[in-house]
Structure formats: C-alpha cells, structure tokens
Amino acid sequence: MDLASTYVCLWTLLAFVLTWTVFYVNNRRKKVAKLADAETAVRRDGDADVIIVGAGVGGSALAYALAKDGRRVHVIERDMREPVRMMGEFMQPGGRLLLSKLGLQDCLEGIDEQLATGLAVYKDGQKALVSFPEDNEFPYEPTARTFYNGRFVQRLRQKSSSLPNVRLEEGTVKSLIEEKGVIKGVTYKNSAGEETTAFAPLTVVCDGCYSNLRRSVNDNNAEVLSYQVGYVSKNCQLEDPEKLKLIMSKPSFTMLYQISSTDVRCVMEIFPGNIPSISNGEMAAYLKDTMAPQVPPEFRKIFLKGIEEGAQIKAMPTKRMEATLSEKQGVVVLGDAFNMRHPAVASGMMVLLSDILILRRLLQPLGNLGDANKISEVIKSFYIIRKPMSATVNTLGNAFSQVLIASTDEAKEAMRQGCFDYLSSGDFRTSGMMALLGGMNPRPLSLIFHLCGITISSIAQLLSPFPSPRGIWHSLRLFGLSMKMLIPHLKAEGVSQMLSPAYAAAYRKSYMAATAL
C-alpha cells in the first residue's frame, strides 16, 4: 500500500507539472502573439508610434515634443498653406513660458511679432493702463506677444518637420479606425486623392474647433456664444502699441492690437440674431456708424482705415465646450476639439501648450504606447493634472466675457463698472487680476478670491452713499449673477480641483517652476 501511494503521489505531481507547463506555454504564446499583432499594427504604415490629426499650433508643438522624446510621429494636416485666421494672435506670458518649456520659444521670433506689456482699458471716457506684474514666483519675462497666427503656425510646422522622426503629410482624415472600442489609426485621403490608412498605438485628434472627428470620440457639444467680427487696418501703428486696447463698448467689447509693425487688428463681439450681412456691405456700415463712434478718438482713424480701404471682414463664432473624457481607448483629443472657452482672455493656446506639456511628461515613462489600458490611465491623470490651468482660464474667460456685455440692467452695469474699477485700482487687485489674465498664476482659488472682490466692490457701489431698498434689491441680484458665473464652473471643473490649493501648487512646481521639466 505504501508503494502504491508513492506511485499515485508521483504521477499526480507529474500530471500537475505537465498541466502547469502546458498552461504556461500557451499563455506565453498568446502574450507573444498579442505583442506581435500590436507591433504589426504599429508598423503597418511608416513605423509610427503616434498619429496626430492636425498640424496647427497644438499638433505641430506636440509632434515636436514627442519626437524629441524619441517617438515616431506621423502628422496629417488638411492644408499645409499658411493659415489665415483672426484667432490665436496673442500669446500670454504664461503661454510663452510653456512654449519655452517645450523648446519652441524661437518660433515666436522673426515673424514681426510685437511686444505686449498689458492692457489699456476704456469705459465711458475713463481710461486705465494696467500691466502684467513682476512676480518672483513667475520664472519668465512678464510680457506677451501679438502676431499673425499663420506665421507662427508655419514656424512650428517647419521646426517639427525638421526632426527625422516626424512625418508631416498633407491629407484629409475621414474617420478613425476602431476595433472593439480601441482606436487603431485613421482613414484619410492623401494629397494625390487616394484613400489610405495609417496605424499607430496612439492617435491624437487636434484638428480645431470645427473637428469632424470629435463626435466619434466624445459626446460633448459646443455652444455658440456670440460672433467675433474683425479685420486688419494696414500701414498704421497704434499710440502706445505695447498695450492691447480693450474698449467696454456696446453691445460688448471692442479690441485693437498691433499684430505686426505695420498692421492693427480690430475686433469686436456681436451676438446672434443681430449680425449685419458682410456680403452686401451692411457690416461695414454698422462698424462705421455704430461701433466707430464708441472708439476713443486717439485711434478712431485706425479703426476706420481698414473699413474705408475695403479690408476683408470676417465673422467667427465664439464657442464654449466643456472637456470630457472619452470612453474609447488609444485616442487623445486636444485643443479646441477638446475644450473651448470664450476667447475674451486670449488664452486658448496657453491651455493647449499646458496640456501638451502634461501629456508629454505622462507618456515619457511608457516605452510601449500599445498598452491601451496604460494609455487610458495616462489620460485620466492628464484630465486631473490640467485642471489648475484649464479651470482658471475657462472660468475667467466665460466670467470676464459676461461682465463685458453692456446692459441697461442696473445690477449688470454695476458689475461692469465694478470690474473696470477693480482693474484700474493700481494695487494688489490690479496685479492679481493681470497675473490671472496672463496665465502667470493658474490658481482657481485666486480667481475665486478676485471674483468675490469684484462682486463686493460692485455691491458697495450700488449701496453708496447709503443703502436703499432699490440698492439692496439690485445688490442681491448682482450677487446672484456672480454665483451664476461661478457655480456652473465649480460643477463642470470639479469642486475639489477648484477649491484645493494642493492641485495648483503641484501644477506650478511640476510645469511652471524655473527648474521644472
């Protein structure tokens, strides 16, 4: 019996070892097959690690950053000609810092860019000059730049395509290639008109506010807020050209700024349902008869010059769209295809550059981008880390744009005047607001502090020289308006991300400090 038991134990052990060996070998083969399939998918077209759809500011900057990290990047751009647009012409101090972190600061040089040190704000005959503050916590020159967007984009394209591992191709992406919820690549029509495919373990959609691919990845919809109408007055220069001219006009703001040594951009906001026709000359007449009289006399001639010389007038929709995470794997959405806010604070490119820095840093430790689960974890982390900058700019842009709208409502007009008074105070209120506007202090808590300050000063104006029932009533309404500006953003951006100082401190340390990156 003892011998029989021994034989049974030995045969049982042998069977276990053989079963385990077969299981291990089969499992190993499956893993090797999966890796081989992934490698095959990656190498189907040009051996790319990343496909980027769009070679605007974001696509070109991201291509350069990833290529510098050794990634093989395939960029597909619909039109390689120099873009002609009136957005993306102002780079805030914070944006310049982030651009330098990417090694792209030279792309803002040699394009007849203009120095901008702050704002000249006008309201009802009042004028305030406000500058970006000197801040020891901000490790860069506290000045902005204005320029032709197309020139900047072309410089970025040239620099990114100069790297041997960047393939920049003209083509129109038709759709994303998806297998079981994972994006594997794109289908596109090349410059010869041939429909073809490109594959990579990671696809980045960065094709702007008119993105055709966004809806196949995210379910967020863009809301049209208003229209920006603009043109260029040529062969002229503003008085004190280093200050962007912000006029609190009616129905909303008007801006003039130097975009080259000889050209001035004139732009204003008009709301849907009240837009004169450009084609039949109604818009030119509206600008000349209604808007020009509201422009201060010292640069009214410049405002009229472009209209009288027949400058091309353009109207662009201003949109708002919250950022949402996609449930699909293997894809990232960036830029205006991902998140939009009112352009009144001219900070869209700054948020985009911040997003690129964050994404690049999170991808650096990953040797293989083919692990869809790891990429999904990276995207989730990216969504949280970006909040200090994106939440500050999104909230500020939409709140500031609402304050700038002219109104006969006493409460709204009191807040508009209160904003002007707050900006023109010349003390910590001015420096604090300008640091926020310039992206030098991306702290949502600081923004909430200053929004509360504007609200309180506006209420004080309504209650001056002494409280009255009418003043108290409008003060309560004004407080309600202020909460309507803030609370939706608290919900959209996340209460903890907006109110916790830890997120902002970590962001500044990682991405804005002198030694960061």
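Read on for an overview of the structure. Computed from a predicted structure; not experimentally measured.

## Comments concerning the overall build of the chain
Phase 1 of the analysis: In terms of helices and strands, the chain carries 15 helices and 17 strands.
Phase 2 of the analysis: C-alpha atoms of the chain, sized along the principal axes, occupy 110 × 60 × 45 Å.
Phase 3 of the analysis: Burial statistics for the chain: of 517 residues in total, 53% are counted as buried.
Phase 4 of the analysis: The long-range fraction of contacts in the chain, counting pairs at least 24 apart against all pairs at least 6 apart in sequence, stands at 74%.
Phase 5 of the analysis: With an accessible surface of roughly 23200 Å², the chain has 55% of that area assigned to carbon and sulfur atoms.
Phase 6 of the analysis: Treating the 59 positive side-chain charges of the chain as one cloud and the 51 negative ones as another, the clouds have centres 3 Å apart.

## Things to note about unusual backbone geometry
Phase 1 of the analysis: Here the bond from K250 into P251 is cis, since omega is 10°, no more than 30 degrees from zero.
Phase 2 of the analysis: Look at the link from S464 to P465: it is a cis peptide, with omega at 0°.
Phase 3 of the analysis: Positive phi, close to 60°, is recorded for D112, a residue that is not glycine.
Phase 4 of the analysis: Despite not being glycine, K180 shows a phi value in the positive range, around 55°.
Phase 5 of the analysis: Within the secondary structure, K180 sits in the loop between β8 (166–179) and β9 (182–190).
Phase 6 of the analysis: A relative accessible area of 88% means that K180 is categorised as exposed.

## Concerning the sheet that holds strand β7 (residues 144–146)
Phase 1 of the analysis: Spatially, the 3 strands line up as an open sheet ordered β3-β7-β4, and their pairing is antiparallel. Two strands close off the open sheet at either side, each with one partner strand: β3 (90–91) and β4 (114–116).
Phase 2 of the analysis: Of the pairings in the sheet, the one linking β3 to β7 comprises 2 bridges and is antiparallel in character. Considered in β7, the bridge of F90 is made with T146.

## Points about helix α8 (residues 372–385)
Phase 1 of the analysis: End to end, α8 covers 20 Å across 14 residues, agreeing with the expected 20 Å (1.5 Å per residue, within 8%).
Phase 2 of the analysis: Contact partners of the buried residues in α8: β9, β11 (202–205), β17 (331–333), α7 (348–363) and α9 (387–403).
Phase 3 of the analysis: Measuring from the backbone nitrogen of N373 back to the side-chain oxygen at the start of α8 gives 3.1 Å, which picks out D371 as the cap.

## Details of the pairing of strand β12 (residues 223–233)
Phase 1 of the analysis: Of all 11 residues that make up β12, 8 are buried, and the element is covered over most of its length.
Phase 2 of the analysis: Where β12 lies against strand β16 (residues 314–320), 7 bridges are found, and the strand directions are antiparallel. By the bridge assignment for β16, Q228 is matched with M316.
Phase 3 of the analysis: Examined bridge by bridge, β12 and strand β15 (residues 264–270) share 7 bridges and lie antiparallel to one another.

## Considering the pattern of salt bridges
Phase 1 of the analysis: Tallying each qualifying case throughout the model produces 24 salt bridges.
Phase 2 of the analysis: Put simply, E137 and R443 hold a salt bridge, and the shortest N to O gap is 3.3 Å. Taken together, the residues span a long stretch of sequence, with E137 in the loop between β6 (126–131) and β7 and R443 in the loop between α11 (428–437) and α12 (444–463) at a distance of 306 residues.
Phase 3 of the analysis: K305 is paired through a salt bridge with E309; the nearest N and O atoms lie 2.8 Å apart.

## Considerations on the nonpolar core
Phase 1 of the analysis: Counting residues in hydrophobic clusters, the biggest one holds 127 residues, and the most contacted among them are F152, V186, V204, L334 and L363.
Phase 2 of the analysis: Among residues more than four places away in sequence, those in contact with V186 are I51, V53, I76, V173, S175, L176, I177, T196, T197, A198 and T203.
Phase 3 of the analysis: Core analysis: the second largest hydrophobic core is formed by 24 residues, C236, M283, Y286 and L287 among them.

## Some remarks on the side chain of T143
Phase 1 of the analysis: Among the secondary structure elements, T143 is positioned in the loop between β6 and β7.
Phase 2 of the analysis: Setting aside residues no more than four positions away along its own chain, T143 makes contact with P93, R96, L115, A116, T117 and F132.

## What about the sheet that holds β6?
Phase 1 of the analysis: Reading across from one edge, β6-β5-β13-β14-β15-β12-β16 is the order of the 7 strands in this open sheet, with mixed pairing throughout. The open sheet is flanked by β6 and β16, the only strands paired with a single partner. Geometrically, the sheet is characterised by an average inter-axis angle of 20° between neighbouring strands, direction not taken into account.
Phase 2 of the analysis: Alignment of strand β5 (residues 118–123) against β6, held across 6 bridges, turns out to be antiparallel. Counted as the bridge partner of G118 is S131 from β6.

What counts and what doesn't
For every chain, the first residue of the written sequence is number 1, and numbering continues from 1 onward in sequence order. Only residues with pLDDT of 70 or above have their local features reported here, since the model is predicted, and side-chain atom pairs are shown and tallied only from 80 upward, although totals for entire chains, interfaces and linings are computed over all residues. Only hydrogens and water are set aside when side-chain values are computed; all heavy atoms of the structure are taken into account. What counts as a helix is a DSSP run of H or I of at least four residues, what counts as a strand is a run of E of at least two, and both are numbered from the N terminus. When a residue's accessible area, from a 1.4 Å probe over protein chains only, is under 20% of the maximum for its type it is buried; when over 50% it is exposed; and in between it is partly exposed. Contacts are assigned to residue pairs that have any heavy atoms within 4.5 Å of one another. Under the convention used here, a 1.4 Å probe and the Shrake-Rupley method define accessible areas, while residue burial counts only the protein chains that appear. Counted charges follow a simple rule, with Lys and Arg positive, Asp and Glu negative, and His plus the chain ends left uncounted. To locate a charge, take atom NZ for lysine, CZ for arginine, CG for aspartate or CD for glutamate. Here, strands pair whenever DSSP counts at least two bridges between them. Expected span of a helix: the number of residues minus one, times 1.5 Å. Counted as a polar contact is a pair of N or O atoms within 3.5 Å, where, for protein atoms, one must be capable of donating a hydrogen and the other of accepting one, and residues adjacent in sequence contribute only when both atoms are in side chains. Between Lys or Arg on one side and Asp or Glu on the other, a salt bridge is scored when a side-chain nitrogen of the former is within 4 Å of a carboxyl oxygen of the latter. The set of buried Ala, Val, Leu, Ile, Met, Phe, Trp, Tyr and Cys residues whose side-chain atoms join them within 4.5 Å is what this entry labels a nonpolar core. Note on definitions: angles span 0 to 180 degrees between N-to-C directions of axes, and those axes are lines fitted to C-alpha atoms, for helices only across the stretch in contact.

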